[in-house]
Amino acid sequence: ETADITRDYFQYYDRKSVSSYNGTMYVNGRRLNVFAGVDFSYTTGQKSDYTAIVVVGVDSQNNYYILDIARFKTDRIKEYFDQILSLHRKWGFRRLRAEATAAQSVIIKDLKENYIRPYGLALSIIDEKPIKNKEDRIRAALSPRYENRQIWHYHGGNCEILENELVLQNPPHDDCKDCLAGVIEICTPPSFEMGGQINYRDQFVNRRFGGIN
């Protein structure tokens, strides 16, 4: 009852309403700019944190749609890259925000030099130094947007883990909500000129997202 974010703030979109047209993502015909954030964990013990990757789309009205969440444990650079590559191919984001502690900076440097550049990916990693009070940063990024009903979830999957992290005062892990706060900080909406709805009669919809054919 004292949590900043409560379950009545959660609202949901239908994942079948997501479509792709000419390399651009849409929800219900409204254009999205897509971004991703990653929070690296480099240990794999039972009590270790998870690595989380959160993909978010923002429309011209500053609605944020959580499109995908990956959550896993690894200490292998290639596994980090494989997960990022899979989501990049699926959603087409070009900017990935990553928190960069000393150890995480080594991972980021390796990814840039030995994976992203050799693969020729149109993807830049924005590395951000962590601030001392992480909870204050998460609260500042997320609480007002949830209160204003600007953030949309999908049903099931790792979104349920995110929701538990959001409503608990001291969750066992906070990797998903931390990652969500980080990616929202770099999201920029489409301009109004570019944010209009598409004509579905002329649209090709990628079947992997469902939607109309």
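Structure's up top.
Cut-offs and rules
- Residues numbered from 1 in each chain as written.
- Predicted model: local features only at pLDDT ≥ 70, side-chain atom pairs only at ≥ 80, totals over all residues.
- Heavy atoms only, no water.
- Core = buried A, V, L, I, M, F, W, Y, C linked by side-chain atoms within 4.5 Å.
- Buried < 20%, exposed > 50% of the residue type's maximum accessible area, 1.4 Å probe, protein only.
- Contact = heavy atoms within 4.5 Å.
- Helix = DSSP H or I, 4+ residues; strand = E, 2+ residues; numbered from the N terminus.
- Phe/Tyr/Trp six-rings, centres within 6.5 Å; stacked < 30°, edge-to-face > 60°.
- Lys NZ or Arg CZ within 6 Å of the ring centre and 35° of its normal.
- Pairing = 2+ DSSP bridges.
- Salt bridge = Lys/Arg side-chain N within 4 Å of Asp/Glu carboxyl O.

Caption draft 1: The nonpolar core, seen in detail. The biggest cluster of nonpolar side chains holds 64 residues, and the ones touching the most others in it are Ile66, Leu111, Leu142, Tyr146 and Leu180. Among residues more than four places away in sequence, those in contact with Leu180 are Val54, Val56, Ile66, Leu142, Tyr146 and Leu162.

Caption draft 2: Quick look at helix H5 (residues 175-184). Within H5, 10 of the 10 residues are buried, which leaves the element mostly enclosed by the surrounding structure. Among the residues of H5, Asp175, Cys176, Lys177, Asp178, Cys179, Leu180, Ala181, Gly182, Val183 and Ile184 are the ones counted as buried.

Caption draft 3: Seen up close, the packing of aromatic side chains. Under the counting rule described, the total for this entry stands at 7 aromatic pairs. Ring centres of Phe40 and Tyr80 lie 5.0 Å apart, and the angle between their planes is 75 degrees; this geometry places the pair in the edge-to-face category. In this pair, Phe40 is assigned in the loop between strand S3 (30-39) and strand S4 (51-58) and Tyr80 in helix H1 (residues 77-91), connecting sequence segments 40 residues apart. Just as Phe40 is buried, Tyr80 falls in that class too. Centre to centre, the rings of Phe81 and Tyr119 are 4.8 Å apart; their planes meet at 55 degrees, and the pair counts as tilted. Pair noted here: Phe81 is in helix H1 and Tyr119 is in helix H2 (residues 102-119), with a separation of 38 residues, a long-range link. Given a relative accessible area of 2%, Phe81 falls into the buried group. Among the aromatic residues, ring-to-ring pairing joins Tyr13, Tyr65 and Trp152 into one connected group. One Lys or Arg, Arg15, reaches over the ring of Tyr154 and ends 3.8 Å from the middle of that ring.

Caption draft 4: How the structure looks around the pairing of S3. Counting buried residues along S3, 10 of its 10 residues qualify, which places the element largely inside the surrounding structure. Residues Arg30, Leu32, Val34, Ala36 and Val38 point to one face of S3 and Arg31, Asn33, Phe35, Gly37 and Asp39 to the other, with burial holding for every one of them. The antiparallel pairing of strand S2 (residues 24-27) with S3 creates a hairpin that spans 2 residues between the two strands, and Asn28 there sits at a positive phi of about 50 degrees.

Caption draft 5: A look at the pattern of salt bridges. In this structure the tally under the stated criterion is 15 salt bridges. Where Glu163 meets Arg7, a salt bridge forms, and the shortest distance between an N and an O atom there is 4.0 Å. Placement of Glu163 in helix H4 (residues 158-167) and of Arg7 in the segment before strand S1 (18-21) is noted, with a sequence separation of 156 residues between them. Using a relative accessible area of 7% as the deciding quantity, one classes Glu163 as buried. For Lys112, the salt bridge identified is with Asp127, shortest N-O distance 3.8 Å. Of the two residues, Lys112 is situated in helix H2 and Asp127 in strand S7 (residues 124-128); the sequence distance between them amounts to 15 residues. On the accessibility criterion, Asp127 (39% relative accessible area) is partly exposed. Each of Glu99, Lys134, Arg137, Asp174, Asp178 and Glu185 takes part in a single network of salt bridges with overlapping partners.

Caption draft 6: Up close: the pairing of S2. Neither face of S2 is exposed, since Thr24 and Tyr26 on one face and Met25 and Val27 on the opposite face are all buried. Sheet topology note: the S1/S2 ladder contains 4 bridges and is antiparallel. Looking across to S2, one finds that Tyr21 is bridged to Thr24. Linking S1 to S2, which pair antiparallel, is a turn of 2 residues; within it Asn22 sits at a positive phi near 55 degrees. Examined bridge by bridge, S2 and S3 share 3 bridges and lie antiparallel to one another.

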